[in-house]
There are 2 protein chains.
Amino acid sequence: MTGPRYTELAAGLPATVPFVGPEAQERARGRAFSARLGANESIFGPSPRAVEAMARAAADGWMYGDPENHDLRHALADHLGVAPGNVVVGEGIDGLLGYLVRLLVAPGDAVVTSLGAYPTFNYHVTGFGGVLHTVPYRDDAEDPEALIAKAAEVDAKLIYFANPDNPMGSWHTAATVQRMIDALPDGCVLCLDEAYGEFAPSGTLPPIDVMHPRVVRMRTFSKAYGLAGLRVGYAVAEEALVRSFDKVRNHFGVNRVGQAAALAALLDHDWLAHVVAETSAARTRIAGMAEAMGLTPLPSATNFVTIDCGADVERARGCLESLGAAGIFVRMPFVAPQNRCIRVSVGRKQELDLLEVELPKIATTINN
Amino acid sequence: MTGPRYTELAAGLPATVPFVGPEAQERARGRAFSARLGANESIFGPSPRAVEAMARAAADGWMYGDPENHDLRHALADHLGVAPGNVVVGEGIDGLLGYLVRLLVAPGDAVVTSLGAYPTFNYHVTGFGGVLHTVPYRDDAEDPEALIAKAAEVDAKLIYFANPDNPMGSWHTAATVQRMIDALPDGCVLCLDEAYGEFAPSGTLPPIDVMHPRVVRMRTFSKAYGLAGLRVGYAVAEEALVRSFDKVRNHFGVNRVGQAAALAALLDHDWLAHVVAETSAARTRIAGMAEAMGLTPLPSATNFVTIDCGADVERARGCLESLGAAGIFVRMPFVAPQNRCIRVSVGRKQELDLLEVELPKIATTINN
């Protein structure tokens, strides 16, 4: 019997996966990692109030979640000083990026991102037949001027720009981002991924302007709020752009337990402050460990520290594998020259104590 | 400033929503419903073991879920007697339908469904530019032979067929469905939505044949397992077709709490049997109430009873609105002639006691 008739686009897509999860690595190595420091999760956990809210919502799990995400959307609007009509809640930034790309990108359309930036964005662009144009990082940071110039050159419909950046941890000031917004070519949408925004120094995030018709700010409960497993993110934009998500989103896609958790987490300012403080202290400690090894920790406005291993991808991979063998899960950037580094998410005292023991052992890798 | 440049397809999509949720109706009426009997949810709730699993998973919510859904997929494979490679887990059947349509349907491609069948499927088809061809219900059931004939006529790439059916509650025997599979036109995929399969009499679901390259069985934890709010469904198919989902799915889209809940629910056979028994008893009681009113309850293999209100859409809407005003949330089919009915999901004793009080009051509507 013949098989299905896939679309030409689907038939041509690679079956690759943006990331292999730590669980798959654990299954391959036959035992769990002792320190899960590779996925930029918040190991400090969610707010205890969010945990309580989830336990309460669990028994109500027989009900579909509110497809309008009304309560969470209104709380976010209050929090951000915008109208509820400027906020769309989705299945994490990953889900929202997929919807945004689907709304804008038809086969052959040009899209601009940085070479080595978020692979899941690229996955969506490729998945909808878009043509990716990339701009190299400059001094380990995304290059706003080059992104804008490239978008103008290729007539891009969409630019992806993360501030702060993953995987390098670097950031630009609000003034720089505002200049980028002001220089945005006509007809081009700027997707400003601020997943790590809560960790950034003040003066990093420009004010939200919901009158601009082509700027989408994306934020998440997966990082500082410690709810990566619950799949709740949101986008903030001009009302017409927000409304367009209703044409393609999975209306019942956000789970009810996640809705409850996100709402409770948003209202627990003390826990957020605690996580941000712990994250900052952990970054400092990780940076100190790297320096003690003669390695260079890059400045970070996120919940991870990217460490320059001082040579190339081979050395970085050696460091990653040595740490992995010692039970410490970390990741590394995908492309040169960023892939001379490893990326270590912040941890609690126990994870960092282990890192402090194991990191010096990679000296043999470094000195090879 | 000019707006975004949407794709031609997106620009042409309506901003309609497949369903307005009960929460939106509650906000509009200014108070909660007393009985939530409109969304075919399992008001008997999830397995207590699933509730415990969710509470445990909540504190681990800082971790992304396993993107391979490994443990759940393997448990499902054991449960179904297939290989793990024949199972893909997704964000409810809604999410999986979206992926399947995206894999198969390009603008202009023909798709066949029944007139008045699941609107979310139609939403996805329209969303990807497919052309829907519909076949009328026959005796309040989907019409397998007519669906196959229509698919051959229009050279459809995909047929949607739900067994048991929503919104009518009707069903076909496994033998009939098997004849449909055997008659499937070359190059056409049959999406067999078995969301209500656990409620159906034995002999309703044909054996799973994972060697057939063009039959996808979709099932869910939203109905009998009482986890609608957790967003976990799965599709079972030939391995190559299952693998194709990896090209387009949101790999980290299934939430971790839902993964844990679904696994616990799947293993609690006693709770499932309890829910199925309670559902059956509630169906009988609802049917009796309808008959006592002189209305005709349709036979049901699901967790709802569709009641023929004896006239047309106006009378059915009157009944729905009267019940709504009395605090009882129900729904009704969208198109004629099915929309002469209302659809009442099963409830516990307290909801059915209320229904027993309020249902006779719609007599004035019926006798108008």
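What you see as residue numbers is a count from 1 along each chain, following the sequence as written. Working convention: letters from A go to chains and numbers from 1 go to ligands, in the order in which they are written. In keeping with the model being predicted, local features are shown solely for residues with a pLDDT of at least 70 and side-chain atom pairs are shown and tallied solely at 80 or more, while totals for entire chains, interfaces and linings include all residues. With hydrogens and water excluded, all non-hydrogen atoms of the structure serve as input to the side-chain values.

**Structural notes on the pattern of salt bridges**
All names here are of chain A. We count a salt bridge whenever a side-chain nitrogen from Lys or Arg sits within 4 Å of a carboxyl oxygen from Asp or Glu. Applying the stated criterion across every chain yields a total of 46 salt bridges over all chains. A salt bridge links lysine 150 to glutamate 153; the nearest nitrogen and oxygen atoms lie 3.7 Å apart. Placement of both lysine 150 and glutamate 153 in helix α7 (residues 144-154) is noted, with a separation of 3 residues, approximately one turn of the helix. Each residue gets one of three labels from its accessible area relative to the maximum for its type: buried under 20%, exposed over 50%, partly exposed in between, using a 1.4 Å probe on protein chains only. For lysine 150, a relative accessible area of 21% translates into the label partly exposed. The numbering of helices and of strands both runs from the N terminus, where a helix is a DSSP run of H or I of at least 4 residues and a strand a run of E of at least 2.

**Comments concerning the domain arrangement of chain A**
All names here are of chain A. Here the bounds of each domain stem from an automatic or database domain assignment. Domain assignment breaks chain A into domain 1 (20-45 + 270-367) and domain 2 (61-267). Averaged C-alpha coordinates put domain 1 and domain 2 at centres separated by 26 Å. Across the boundary between the two partners, domain 1 contributes 25 residues, which contact 23 residues of domain 2. Carbon and sulfur atoms supply 64% of the area that domain 1 and domain 2 bury against each other, a total of about 1,900 Å² over both sides. Using a 1.4 Å probe, buried area is obtained as the accessible area two parts lose upon being combined, added over both of them. In terms of surface lost to domain 2, no three residues of domain 1 exceed Leu272, Ala301 and Gln338, which account for 28% of the buried area on that side. The contact criterion used throughout is that any non-hydrogen atoms of two residues lie within 4.5 Å.

**Re the UniProt feature "domain: Aminotransferase class I/classII large" (unreviewed entry) in chain A**
The feature "domain: Aminotransferase class I/classII large" (unreviewed entry), as annotated in UniProt, sits at residues 37-352 of chain A in this numbering. For the annotated span residues 37-352 of chain A, helix accounts for 39% and strand for 15% of the residues, and the straight-line distance between the end C-alpha atoms is 9 Å. UniProt positions are given in the numbering used here, feature names are shortened, and annotations may be inferred rather than shown by experiment.

**A few points about the relation of the copies chain A and chain B**
Superposing chain A onto chain B takes a rotation of 180° plus a shift of 0.0 Å along the axis, which leaves an RMSD of 0.0 Å. On the angle and the small slide along the axis, the relation comes out as a two-fold axis. Taking the C-alpha atom as reference, chain A places alanine 55 of chain A closest to the rotation axis, 2.4 Å from it. Of the residues that chain A buries at the interface, 100% are likewise interface residues in chain B, meaning the two copies contact each other through the same surface. Our superposition of the copies is a least-squares fit, built on the C-alpha atoms of residues whose pLDDT is at least 70 in both.

**Let's talk about the interface of chain A and chain B**
Listed by partner, the interface residues are 84 residues for chain A and 84 residues for chain B. Taking both sides of the interface into account, the surface hidden between chain A and chain B amounts to around 7,000 Å²; carbon and sulfur atoms contribute 58%. Considering only the surface of chain A that becomes buried against chain B, Arg5, Trp62 and Tyr64 of chain A emerge as the three largest contributors, covering 13% of it. Where chain A packs against chain B, one counts 8 salt bridges. Residue assignment for the side of chain A that touches chain B shows that the elements contributing at least two residues are α1 (8-11), α2 (22-29), α3 (48-59), α5 (92-104), α6 (119-127), α9 (239-244) and α10 (256-267) of chain A.

**Focus: the packing of aromatic side chains**
Each Phe, Tyr or Trp ring, with Trp reduced to its six-membered ring, pairs with another whose centre is within 6.5 Å; inter-plane angles below 30 degrees give stacked pairs, above 60 give edge-to-face pairs, and intermediate values give tilted ones. Under the definition given, this model contains 18 aromatic pairs over all chains. Judged by centre distance (6.2 Å) and plane angle (40°), the rings of phenylalanine 19 of chain A and tyrosine 118 of chain A are tilted. Note that phenylalanine 19 of chain A is positioned in the loop between α1 and α2 and tyrosine 118 of chain A in the loop between β3 (110-114) and α6, a separation of 99 residues in sequence. For the residue pair phenylalanine 19 of chain A and tyrosine 118 of chain A, the accessibility class agrees, reading buried in each case. A connected cluster of aromatic rings, assembled from ring pairs, spans Phe19, Tyr118 and Phe334 of chain A together with Tyr64 and Phe252 of chain B.

**Re the pairing of strand β4 (residues 131-135) of chain B**
Residues and elements named next belong to chain B. Pairs of strands are assigned from DSSP output, requiring at least two bridges between the strands. Judged from the 5 bridges that link them, strand β3 (residues 110-114) and β4 form a sheet pairing that is parallel. Paired with valine 111 across the bridge in β4 is leucine 132. Classification remark: right-handed applies to a crossover when, strands pointing away from the viewer, the course from the first strand over the helix to the second runs clockwise. In this view, the connection linking β3 to its parallel neighbour β4 by way of helix α6 (residues 119-127) has right-handed handedness.

**Describing the packing of helix α4 (residues 70-80) of chain B against helix α10 (residues 256-267) of chain B**
All names here are of chain B. The angle between two axes is taken between their N-to-C directions and runs from 0 to 180 degrees, where each axis is a line fitted to C-alpha atoms and a helix contributes only its stretch in contact. Across the interface, α4 lies against α10 with an axial gap of 9 Å and an inter-helix angle of 25°. What the angle tells us is that α4 and α10 run roughly parallel. Judged by the twist between their axes, the crossing of α4 over α10 is left-handed. Packed against α4, whose contacting residues are Asp71, Leu72, Ala75, Leu76 and His79, the element α10 presents Gln259, Ala262, Leu263 and Leu266 at the interface. Gly is placed with the polar residues, together with every amino acid not listed as nonpolar (Ala, Val, Leu, Ile, Met, Phe, Trp, Tyr, Cys and Pro) or charged (Asp, Glu, Lys and Arg). The residue makeup of the contact of α4 with α10, split by class, is 6 nonpolar, 2 polar and 1 charged. Note on angle classes: values under 35 degrees are labelled roughly parallel, values over 145 roughly antiparallel, values of 65 to 115 roughly perpendicular, and the remainder oblique. For a crossing to be left-handed, the near helix must be turned anticlockwise from the far one by less than a right angle; the clockwise case is right-handed.

**A few points about the environment of lysine 247 of chain A**
Mapped onto the elements, lysine 247 of chain A comes out in the loop between α9 and α10. For the pair lysine 247 of chain A and leucine 103 of chain A, spaced 144 residues apart in the sequence, the C-alpha separation amounts to 8.5 Å. Among all residues touching lysine 247 of chain A, those that are not within four sequence positions of it are Ala10, Ala11, Leu13, Pro14, Ala15 and Tyr123 of chain B. The definition of a polar contact used here is a pair of N or O atoms within 3.5 Å, where within protein one atom must be able to donate a hydrogen and the other to accept one, and adjacent residues in sequence count solely through side-chain atom pairs. Separated by 2.9 Å, the side chain of lysine 247 of chain A and the backbone oxygen of alanine 10 of chain B make a polar contact. A distance of 3.3 Å separates the side chain of lysine 247 of chain A from the backbone oxygen of leucine 13 of chain B, its partner in a polar contact.

**Brief notes about the sheet that holds strand β6 (residues 189-193) of chain B**
Each strand in a sheet pairs with another by means of backbone hydrogen bonds, the pair being arranged parallel or else antiparallel. Residue and element names in this part refer to chain B. Spatially, β2-β8-β7-β6-β5-β3-β4 is the arrangement adopted by the 7 strands of the open sheet, whose pairing is mixed. Of all the strands in the sheet, the pair left with one neighbour each is β2 (87-90) and β4. For this sheet the average axis-to-axis angle between neighbouring strands, irrespective of direction, equals 20°. Two strands pair when backbone bridges link them, and β3 and strand β5 (residues 158-162) are joined in this way by 2 bridges, in the parallel orientation. Each bridged residue has a counterpart across the sheet, and for valine 111 the counterpart in β5 is leucine 158. Relative to strand β7 (residues 215-220), helix α5 (residues 92-104) is tilted by about 160°, and along the sheet it contacts β2, β5, β6, β7 and β8 (233-236).

**Looking at helix α4 (residues 70-80) of chain A**
Buried within α4 of chain A we find His70, Leu72, Arg73, Ala75, Leu76, Ala77 and Leu80 of chain A. Contact partners of the buried residues in α4 of chain A: β2 (87-90), β7 (215-220), β8 (233-236) and α10 of chain A together with α2 (22-29) of chain B. Of the residues one or two after α4 of chain A, glycine 81 of chain A is the one with positive phi, at around 70°.

**Brief notes about the side chain of arginine 102 of chain A**
Relative to the assigned elements, arginine 102 of chain A resides in helix α5. Positive: Lys, Arg. Negative: Asp, Glu. His and the chain ends are not part of the count. For the buried arginine 102 of chain A, which has no salt bridge, the nearest side chain bearing the opposite charge is glutamate 91 of chain A, at an N-O separation of 9.9 Å.

**Here we look at unusual backbone geometry**
Residues and elements named next belong to chain A. Residue proline 337 is bonded to the preceding alanine 336 through a cis peptide linkage, with omega at 0°. Its location among the elements puts proline 337 in the loop between β11 (328-329) and β12 (341-345). Although it is not a glycine, arginine 231 sits at a positive phi angle of roughly 65°. In this fold, arginine 231 is placed in the loop between β7 and β8.

**Describing the sheet that holds strand β4 (residues 131-135) of chain A**
All names here are of chain A. The 7 strands are arranged β2-β8-β7-β6-β5-β3-β4 in an open sheet whose pairing can be described as mixed. Strands with a single pairing partner mark the edges of an open sheet, and in this sheet they are β2 and β4. Averaged over all pairs of adjacent strands, the angle between their axes in this sheet comes to 20°, without regard to strand direction. Strands β3, β4 and β5 (158-162) of the sheet are contacted by α7, whose axis makes an angle of about 165° with β3.

**Let's talk about the side chain of glutamate 41 of chain B**
Looking at the element boundaries, glutamate 41 of chain B is found in the loop between β1 (35-36) and α3 (48-59). Residues in contact with glutamate 41 of chain B, not counting those within four places in the same chain, are Trp62, Met63 and Tyr64 of chain A together with Arg36, Ala228, Asn303 and Ser345 of chain B.

**A look at the pairing of strand β12 (residues 341-345) of chain B**
All names here are of chain B. Within β12, 5 of the 5 residues are buried, leaving the element largely enclosed by the surrounding structure. Burial of the side chains of β12 extends over both faces: Cys341, Arg343 and Ser345 are buried on one face and Ile342 and Val344 on the other. Where strand β10 (residues 304-308) lies against β12, 5 bridges are found, and the strand directions are antiparallel. Counterpart to threonine 306 in the pairing with β12 is arginine 343.

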